[in-house]
Amino acid sequence: MSYLITHWLGFVSHRSSRVIQESEERYRALVEQASDGIFITDNQERFLDVNNSACDMLGFSREDMLAMHIQDVMPDEEYAKFTQIRLLLMAGETLLNEWHMKCRDGSLIPVEVSAKILSDGRIQGIARNITERKHHEAQLIHLASHDPLTGLPNRSLFQDRLQQAIVKARRNGLKVAVLFCDLDRFKRINDSLGHDVGDQLLQTVAGRLLGSVRESDTIARLGGDEFAIILDDFATEDAVSGIAQKILFTLARPLTIATFNLSTTSSIGISFFPEDGDTAQTLLKNADAAMYLAKARGKNNFQFYSQGIASNALEHLNLEIDLRLALEREELVLHYQPQVDLKSGRVIGAEALLRWRRSEGGMTLPAQLIPLAEETGLIGPIGEWVLRTACLQNKAWQNAGLPGIRVAVNLSAKQFMHQDLVQIVERALDETGLEARYLELEITESSLMQKSEDAVVTLSKLKAMGIHLSIDDFGTGYSSLSYLQRFPIDTLKIDQSFVYDIATNQAGAVIIQAVIALAHAMKLRVIAEGVEAAYQIAFLAVNRCDAMQGYYVSHHLPADGLTAFLQKRYELHPQTVPQLRNAKN
Ligand code: C2E
Ligand code: MG
Ligand code: MG
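Source: prediction; values computed, not measured. (Residues numbered from 1 in each chain as written. Chains lettered and ligands numbered in written order. Predicted model: local features only at pLDDT ≥ 70, side-chain atom pairs only at ≥ 80, totals over all residues. Heavy atoms only, no water.)

Colleague: How should I be thinking about the coordination of the magnesium ion (ligand 2) in this particular structure?
Modeller: Reference geometry at the metal: tetrahedral coordination by four donors gives ideal angles of 109.5 degrees; octahedral coordination by six donors gives 90 or 180 degrees. Protein-derived ligands of the magnesium ion (ligand 2) are E351 (OE), N410 (OD1), E442 (OE) and D472 (OD), with the metal-ligand distances lying across 2.0 to 2.2 Å. Mapped onto the sequence, the residues coordinating the magnesium ion (ligand 2) show the spacing E-x58-N-x31-E-x29-D. (Donors = N, O, S within 2.8 Å, 3.2 Å for Na, K, Ca; no water.)

Colleague: Would you explain the coordination of the magnesium ion (ligand 3) in this entry?
Modeller: Protein coordination at the magnesium ion (ligand 3): the donors are D472 (OD), D473 (OD), E529 (OE) and E529 (OE), at 2.0 to 2.5 Å from the metal. Sequence positions of the donors to the magnesium ion (ligand 3) reduce to the motif D-D-x55-E. Here the magnesium ion (ligand 2) and the magnesium ion (ligand 3) are spaced 3.9 Å from one another, each receiving a donor from D472. Separated by 57 residues along the polypeptide, D472 in strand 18 (residues 468-474) and E529 in the loop between strand 20 (525-528) and helix 21 (534-542) bring together distant segments of the chain. The exposure classification of D472 matches that of E529, with both residues buried. (Helix = DSSP H or I, 4+ residues; strand = E, 2+ residues; numbered from the N terminus. Buried < 20%, exposed > 50% of the residue type's maximum accessible area, 1.4 Å probe, protein only.)

Colleague: Before we go on, may I ask you to explain helix 10 (residues 237-252) in this structure?
Modeller: What sets the pattern is the α-helix's 3.6 residues per turn: residues three or four places apart point alike. When the terminal C-alpha atoms of helix 10 are compared, their 23 Å separation across 16 residues agrees well with the 22 Å that a helix rising 1.5 Å per residue should span. Of all the residues in helix 10, the buried ones are V240, S241, A244, I247, L248, T250 and L251. Buried positions along helix 10 lie against strand 6 (176-183), helix 9 (195-212), strand 8 (226-231), strand 11 (266-273) and strand 12 (302-304). (Expected span 1.5 Å × (residues − 1). Contact = heavy atoms within 4.5 Å.)

Colleague: I'm lost on the nonpolar core in this one. Help?
Modeller: Nonpolar side chains tend to gather and get buried jointly when the protein is soluble and globular. In terms of nonpolar packing, the biggest core is built from 83 residues, with Y336, L439, L441 and L448 touching the most fellow members. Considering every element that reaches this core, the biggest residue donor is helix 14 (residues 379-399), with 7 residues. Residues within four places of L448 in sequence aside, it is in contact with F416, I443, A455, L459, I471, Y483, L484 and F487. Membership of the second largest hydrophobic core comes to 32 residues, among which are A206, L248, I270 and F302. (Core = buried A, V, L, I, M, F, W, Y, C linked by side-chain atoms within 4.5 Å.)

Colleague: Mind showing me how you'd approach the pairing of strand 1 (residues 37-41) here?
Modeller: On a regular strand, each side chain points to the face opposite its neighbour's, so the side chains alternate between the two faces of the sheet. For strand 1, the buried fraction is high: 5 of the 5 residues fall into the buried class. As paired elements, strand 1 and strand 5 (residues 123-129) share 5 bridges and run antiparallel to each other. Residue pairing for strand 5: I38 is matched across the bridge by I126. As paired strands, strand 1 and strand 2 (residues 47-50) are joined by 3 bridges and run antiparallel to one another. By the bridge assignment for strand 2, F39 is matched with V50. (Pairing = 2+ DSSP bridges.)

Colleague: Mind showing me how you'd approach the packing of helix 19 (residues 496-504) against helix 20 (residues 506-521) here?
Modeller: In a packed pair of helices, the relevant descriptors are the angle between the two axes and the axis-to-axis distance. With their axes 6 Å apart at the nearest point, helix 19 and helix 20 run at an angle of 125° to one another. Taken together, the axis directions place helix 19 and helix 20 in an arrangement best described as oblique. Here the hand of the crossing between helix 19 and helix 20 comes out left-handed. Mapping the contact onto sequence places F498, V499, D501, I502 and T504 in helix 19 and Q506, G508, A509, I511 and I512 in helix 20. Of the residues assigned to the contact of helix 19 with helix 20, the class counts are 6 nonpolar, 3 polar and 1 charged. (Axes fitted to C-alpha atoms, helices over the stretch in contact; angles between N-to-C directions. Parallel < 35°, antiparallel > 145°, perpendicular 65-115°, else oblique. Left-handed = near helix turned anticlockwise from the far one by under 90°. Nonpolar A, V, L, I, M, F, W, Y, C, P; charged D, E, K, R; others polar.)

Colleague: Quick question: what am I supposed to make of the pattern of salt bridges here?
Modeller: Two side chains with opposite charge may pair up if their charged atoms get near one another. Under the counting rule described, the total for this entry stands at 33 salt bridges. The shortest N-O distance in the salt bridge between E98 and R133 comes to 2.8 Å. On the criterion of sequence distance, the pair formed by E98 in strand 3 (residues 95-102) and R133 in helix 6 (residues 131-145) is long-range, its members being 35 residues apart. A residue is classified by how much of its surface remains accessible, and R133, at 34% relative accessible area, is partly exposed. We note a salt bridge from E440 to R406, for which the minimum N-O separation is 3.3 Å. Taken together, the positions of E440 in strand 17 (residues 439-444) and R406 in strand 16 (residues 406-410) put the pair 34 residues apart, joining distant regions of the chain. (Salt bridge = Lys/Arg side-chain N within 4 Å of Asp/Glu carboxyl O.)

Colleague: Please explain the site of ligand 1 as it appears in this structure.
Modeller: Taken together, 23 residues sit near ligand 1, with Q337, E351, D472, E532 and Y551 positioned nearest. Between an oxygen atom of ligand 1 and a side-chain N or O atom of E351, the distance comes to 2.7 Å. Backbone polar atom of Y551 to an oxygen atom of ligand 1: 2.7 Å apart, as the coordinates give it. Considering ligand 1 on its own, with 790 Å² of exposed area, one finds that the protein chains cover 82% of that surface. Elements represented by at least two residues in the shell around ligand 1 include exactly strand 14 (347-357), helix 13 (366-376) and strand 18. If one sorts the elements of the shell around ligand 1 by residue count, strand 14 sits on top with 4 residues. Taken together, the residues that form the shell around ligand 1 break down as 8 nonpolar, 8 polar and 7 charged. (Near = heavy atom within 4 Å. Polar contact = N/O pair within 3.5 Å; in protein donor to acceptor, adjacent residues only side chain to side chain. Areas by Shrake-Rupley, 256 points an atom, 1.4 Å probe, with all protein chains shown as cover.)

Below you can see the structure in the form of structure tokens.
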């Protein structure tokens, strides 16, 4: 230790030996107390002296260290760098830098070193172990660049990695593929089952995605239910198709979260460097556009980006402009689909279904029309028009002496959330003179779940007016019947997918039976949608379903078509409905 002390202080020999000894002892104590490693080397970089902390930090004894060279405790590449900057130190500068030191067991620890070269070539330095600080720094960097829910890289890290992949691919003349993956119907699950279930679903999806690609591929969560993948090591575009197919298949496997058996599919859009863009931003934007095409083509599929997609966006814009004019040009029409009571066999109502007869010909279906109207805010005036037209038409049927039926009007989620809904409905009834009991409003489960407290208030007001309330597409929102008790509902409309499943899937039949039994216990009526065949009617009637609508009885008809239908006094044939047969015998 005497070396360390004397050289540290630069003492010279003319001091009296007592003074020197005292100082040495003082400073030895100080040096030994220091928690940082302190060392001094000779001009050949061999350790001349080290303190205890340095020995502890590296795991060597003092004797070991005094037989070692600086190079023995530094990784080779850092030692090479060190010899380069040694020149700087010779010029009298103090080096303050982060290095690594090699421990006895071969492990490396990060250290912050402050070192100086004395005029005779000896090096003195202090090394601080910064393992913990590095760990915190790494944690912070991880937090800033990763999604906390899934642990996957976030959007900004994804863009960095994509940019790097582009640079590498450009250098090597290779391709990069970007896959943009969005879950289908995630919002519905999140809204109806709650965010905890939604979060767990996203975590499961992240795990499944990781299992679908190589470890070296980047998978990121861009936000919400959007994930993106970079592939930069594939042979052909076919190989990318294969991976996309595998992802679709893997994500579609059923899963159980809490007590819910869920299934979710996804839609994937794919873009390639260099064909579809040469920046990270463009590639991601184009993969996103291709993903929208996959959604439009029925979801649960993947699509490649092409120039044509851009023109689709233009078409979308034209559609929006046209829709704004559609109301003025009187291009919107309502069709009506009769609803038949399964006890009497008679028509008891009609659902109003919106159609857009565009000037260039062709009908636009609501599946395209309603989302566009919601997106553009046109759902307000369009919805009001639907409501008023349906009430007016029903009043006209009554005035023509036809039997009174209820007209059912669909409300989209946005309409239902509108704060003036109750006044809008009141106004439609007032202006058309239709009694409230001849109007039914159809709401979806997810609309109810979005702001359930407000929903209870709105529904109660509508109910108090005498309006009939039903839940549309029941069963597709994964909800339980028990939550319905909170809402003043009259009717459940069993979604057509279950009716379709009666013959193909045992589960469909069981679900229908259970829904009818529970609904009846809660004093709710049940109507089945999408009934196309006699055997479905027989099944529904035997299980005491109250009513039905579907192509078996009639497609949706223009207003005068329904007028004719009502004039014929349609009745279900007793042969199709066992109950009717019994009642009439
Ligand atoms: P929804 O309310 O469940 O309407 C039933 C849909 O099933 C209608 O499709 C109808 O044409 C179709 N359908 C009826 N019977 C059968 C059948 O036997 N087999 C099959 N395969 N399908 C049948 P549409 O008219 O295309 O309407 C789709 C959805 O658009 C509606 O589903 C409703 O949610 C929405 N919608 C329709 N009109 C309006 C409207 O005026 N306002 C709002 N907000 N939404 C509307
Ligand atoms: Mg409906
Ligand atoms: Mg429906």
